[in-house]
Amino acid sequence: MATPDHAENDLQPFFVLHKALVQKSERKSSGSRKIRRRIELSPISAKNAEKMEIGTGEERDDHHYEHLRMEAFNFVWSKIESTIKDVLRNINLNVFNEIHRWVCESFDAIKSCGTTLTKATHSYPIVTDATFRQLFTGLVFTKNMEFVDDLMTFEELGLHLKSHGCHVANLSSIDFSANNGIGGCLRSLLRQFLMVTLDAADISILASWYSDQGNYNKPVVVIIDDMERCCGSVLSDFILMLSEWAVKVPVILIMGVATTLDAPRNILPSNVLQHLHVSKFLLGSPSERMDAIVEAVLVRLCSGFCVGYKVAAFMRNYFLRQDGTLTSFIRALKIACVEHFSSEPLSFMLKALFVEENSQGFWSEEHALFPEEMLKYAFDLPSCRRNNTEERTGENLAHDLSELKRLQKCWSTTVLCLYEAGKYNKIQLLDLFCEAVVPCLGNSTASNHHLGSGISSSSDHSIHHQYLISEKCSFICQAIRKVRDLPVVLLYQLLKSWEKLTEDVIEIHDKVKELQSLLKFENGKSLKQDLTNIPKRHTSRSHLNMDKDSKVLNEKAARLMETMVRDYMQPVECIPFHEIVCFKNVDKLQSESWGED
Amino acid sequence: MEGNYGEDEEFGFARNYFIAKELGGSGKKSSRKLSDIELVDEQELRAAARSIESKHEKEIGSLLNSYKSLYPKWVFELRCGFGLLMYGFGSKKALIEDFASTALTECAVLVINGYLQSINIKQAVTAIAEALWDQLKTRRTPSGDFPKVQQPFNSRSMDDLLAFMDGSHSEKNDCFVCVVIHNIDGPGLRDSDTQQYLARVAACSHIRMVASIDHVNAPLLWDKKMVHTQFNWCWYHVPTFVPYKAEGIFYPLILAHGGTAQSAKTAAIVLQSLTPNAQSVFKVLAEHQLAHPDEEGMPVNNLYSICRERFLVSSQITLNSHLTEFKDHELIKTRRHSDGQDCLYIPLATEALEKLLQDISQ
């Protein structure tokens, strides 16, 4: 790079450093010198071309595996992303349907007022009836100070309403800033409906568009994401304008409110509030959403990718103490995923292991083709070093990986059963999850501290879980205790949910079914006694017996839960080859998400 | 013995100190002032600064080389949709441009020098859109639908440009233009409108952003939507210890500065925190200074009489307290009039003073 060129570029507001390599012909710099400068491309391109063509076999291999890892990341992350979207959509579905019903009702009410929509577009339509033209307004209470989490919600709401035949425009607080004024939000509105950008935006254009064939039989919904961030005066003007033109364009307004449902009173003057006919809607709470995401992504392991206990603790603390948004939690997860796929050479196996349907088929073919270095690396992983007796073959690797998958399934089932029990005590899944991933750490765990040292490694995790079960402050212990205290009806429901959850783990499933049959038997007995006429004294004694019997069942259920925690909840960091599927580098994650302290 | 020796030495030192003080006090006072020192001409100073030998070149070189091992990871993260934010002591300009020239050869790269005083963001976004258009043209698949020739980019609105950059034009999602912004926290880009535009650019599906920051309060520029969903920053600590030669071009050198020039902005901030009466007193002074640019300043008596007329102050004491406050904040200074009176003046250039008056009148 020539130095004078360089120095001149430093003083330009912007310049093109280089064009894409693919382009063969060099583009002449056109326009004024001040705006564009090019730096000679040829030396760099020649070097790169050389590298790509003549590279050694090893480089080509590296490139190949890097490409595989990139592919695996894309697969895994798109699975995680679509799972999160589905989960959030399901949570919101009820509210969305409610809102849609209200939109239809409001539109019917507007139509039944009997005004005909003429094609003429006067600037000031005459209001024919004496009553105020009120705008039907839906206030959607997000229960969340962080508006960033709900950006997606309002987008999805718009799509939901569109799919049910409404005209929808999404506006945000930027469109209602004092700088842009009413022209800004009108322009944004028109752009969304008419698909063109107009410099002179006027509401009459919207009216003439609406009266066009095909447009006017559908409700027009305007969604404003975050009402409190809008400039009050601009929003007031907008509402007044819409209510004046309500005869020509029956707009239904939906506004997102973060603080209280009284917020409009703080932002809008009373003469504007009179024009709003308000209905209220409540969205699901942020913690509900967090639990749903943790369940789908980190516990049920939709993609197979998981995180270690330190990373889990960091993400939880970051969410609870620093950021508080679901968006940042998901972003931290994405950074963890990227880090994992860019630094762990064997991470490309994740795709085959978990995501593809015929993983069995893959393994039987591919394991014969694993290169020697890769097998050596795999068996040298810290998690495998304990078990040195195993022969380093592709077959053994494949076998161990499917065992990892099976153990993960058992762990996931146990955590979900704990969560079902914990729901009766309002325990959050995030807390349970962070406890459930903690592995046995050898001499430094609290469990050893509690129960004395000198314990062999093979029974470490069960002893650690014994600690979890007995330690009063742990969430797992609270969940198990709750099982003991549940009344019969709720215990029945709990067992039903366990029956569904344990379908894939036969040993646990059988035990759950056993308990269920006992419960039915007890229930049947108590029913019979209720039906017959028994003197009061006998009834009380039989009630006592019934209580005692159900207590026995509670105890049995709690014992079953304890057994599951002890024997089936092996955290991923205790399983050989977990480094392939689990991300543990919390320092990297911390410095990349938010910079160093 | 040793202790005594120490004490003697201290005693001797103290005695010498007091003797020197006495001698100094009895002598004639020098009439020279600090402001009489002739400072070096700015051009000379800049030339001298340019020719300073940079220290630790070898170590800095090896540090920059060590960052090359991070390049593949940076490319991976850019492809995954993250933005890269570089921070750390030293100019990161050379590092980022080296990364772009060596690792990002498959896509067009546009550099914005955010450290300059003013940047026209619309022109920059137009250039980005044009670069993307060029790149898409060369990658066009025969079957793919490609938008026909439309109106030229520099006559389109910002929203249109953003819509173009965000649209899904080709099946290949890895076709993107990389925008490098040196000092995204620089004075030319600091206002909220520009940052909003940059965030919307970064959120476009065909744009990836690599930026550097140096100001300690830079993160205050962004709200959570911008950080998490639009820019999507991955933070990298890359101290380089390279001097800020390019970035500091437009900043006045401290040695040549003298420290007397007060920028209008800080003055405005200070004034806004004062009471309305104090602001009005200041306005009187400023108006006089603008009306009489050739005089040394406004005599205190004149100021007092005008302020009394306008009911801004009730007594000399009140005016003095206002003046003391102004002096403490370095908003005004005193000079000797040719008559011998004390005059007050505001140490700002005429344009800066006019702008200041506008600011506080709002």
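Details of the structure are given in the entry above.
Remember, predicted model here, so these are calculated numbers, not experimental data. (Residues numbered from 1 in each chain as written. Chains lettered and ligands numbered in written order. Predicted model: local features only at pLDDT ≥ 70, side-chain atom pairs only at ≥ 80, totals over all residues. Heavy atoms only, no water.)

(A) Region of the structure containing helix 15 (residues 372-379) of chain A. Residues and elements named next belong to chain A. Of all the positions in helix 15, only Met 374, Leu 375, Ala 378 and Phe 379 are classed as buried. For helix 15, the arc enclosing every buried residue in end-on projection is 125 degrees, short of the 170-degree limit, so these residues lie on one face. Across helix 15 from its buried face, at more than 90 degrees, point the exposed residues Glu 372 and Glu 373. (Buried < 20%, exposed > 50% of the residue type's maximum accessible area, 1.4 Å probe, protein only. Helix = DSSP H or I, 4+ residues; strand = E, 2+ residues; numbered from the N terminus. Arc of directions from axis to C-beta.)

(B) Region of interest: the interface of chain B and chain A. The partner chain A presents 50 residues to the 54 residues of chain B that form the contact. Taken over both partners, the interface formed by chain B and chain A buries close to 4400 Å², and the fraction arising from carbon and sulfur atoms is 59%. By the criterion of area lost to chain A, the three top residues of chain B are B:Phe76, B:Lys224 and B:His228, representing 15% of everything that side buries. Taken together, the links from chain B to chain A amount to 6 salt bridges. Between A:Arg229 and B:Asp223 there is a salt bridge, and its shortest N-O distance comes to 3.5 Å. For the side of chain B that touches chain A, the element with the highest residue contribution is helix 6 (residues 121-139) of chain B, accounting for 8 residues. By the bridge criterion, 4 bridges tie strand 1 (residues 14-18) of chain A to strand 2 (residues 109-113) of chain B in an arrangement that is antiparallel. The residue of strand 2 of chain B that forms the bridge with A:Val16 is B:Leu110. (Contact = heavy atoms within 4.5 Å. Buried area = accessible area lost by both parts, 1.4 Å probe. Salt bridge = Lys/Arg side-chain N within 4 Å of Asp/Glu carboxyl O. Pairing = 2+ DSSP bridges.)

(C) How the structure looks around the packing of helix 11 (residues 309-322) of chain A against helix 17 (residues 429-436) of chain A. All names here are of chain A. Between helix 11 and helix 17, whose axes approach to 9 Å, the crossing angle comes to 155 degrees. Comparing the axis directions of helix 11 and helix 17 gives the class roughly antiparallel. Considering only the axes of helix 11 and helix 17, their crossing is left-handed. On helix 17, the residues touching Ala 312, Ala 313, Arg 316 and Phe 319 of helix 11 are Leu 430, Asp 431, Phe 433 and Cys 434. Across the contact of helix 11 with helix 17, the residue classes break down as 6 nonpolar, no polar and 2 charged. (Axes fitted to C-alpha atoms, helices over the stretch in contact; angles between N-to-C directions. Parallel < 35°, antiparallel > 145°, perpendicular 65-115°, else oblique. Left-handed = near helix turned anticlockwise from the far one by under 90°. Nonpolar A, V, L, I, M, F, W, Y, C, P; charged D, E, K, R; others polar.)

(D) Spatial organisation of helix 14 (residues 316-328) of chain B. All names here are of chain B. Helix length check: helix 14 (13 residues) gives 18 Å between terminal C-alpha atoms against 18 Å at 1.5 Å per residue, within 8%. Taken residue by residue, helix 14 has Leu 319, His 322, Leu 323 and Phe 326 as its buried positions. Seen along its axis, helix 14 keeps its buried residues to an arc of 95 degrees; they face one direction. Relative to its buried face, helix 14 has exposed residues pointing more than 90 degrees away, namely Ile 317 and Asp 328. Phi turns positive one or two residues past the end of helix 14, at Glu 330, with a value near 60 degrees. (Expected span 1.5 Å × (residues − 1).)

(E) Structural view of the pattern of salt bridges. Counted under the stated rule, the structure contains 30 salt bridges over all chains. The partner of A:Lys409 in a salt bridge is A:Asp504, with the nearest N and O atoms 3.4 Å apart. With A:Lys409 in helix 16 (residues 394-423) and A:Asp504 in the loop between helix 21 (488-501) and helix 22 (506-531), this residue pair connects regions lying 95 residues apart in the sequence. Accessibility expressed as a relative area gives 55% for A:Asp504, which makes it exposed. Each of A:Glu339, A:Glu592, B:Lys73 and B:Glu77 takes part in one network of salt bridges that share partners.

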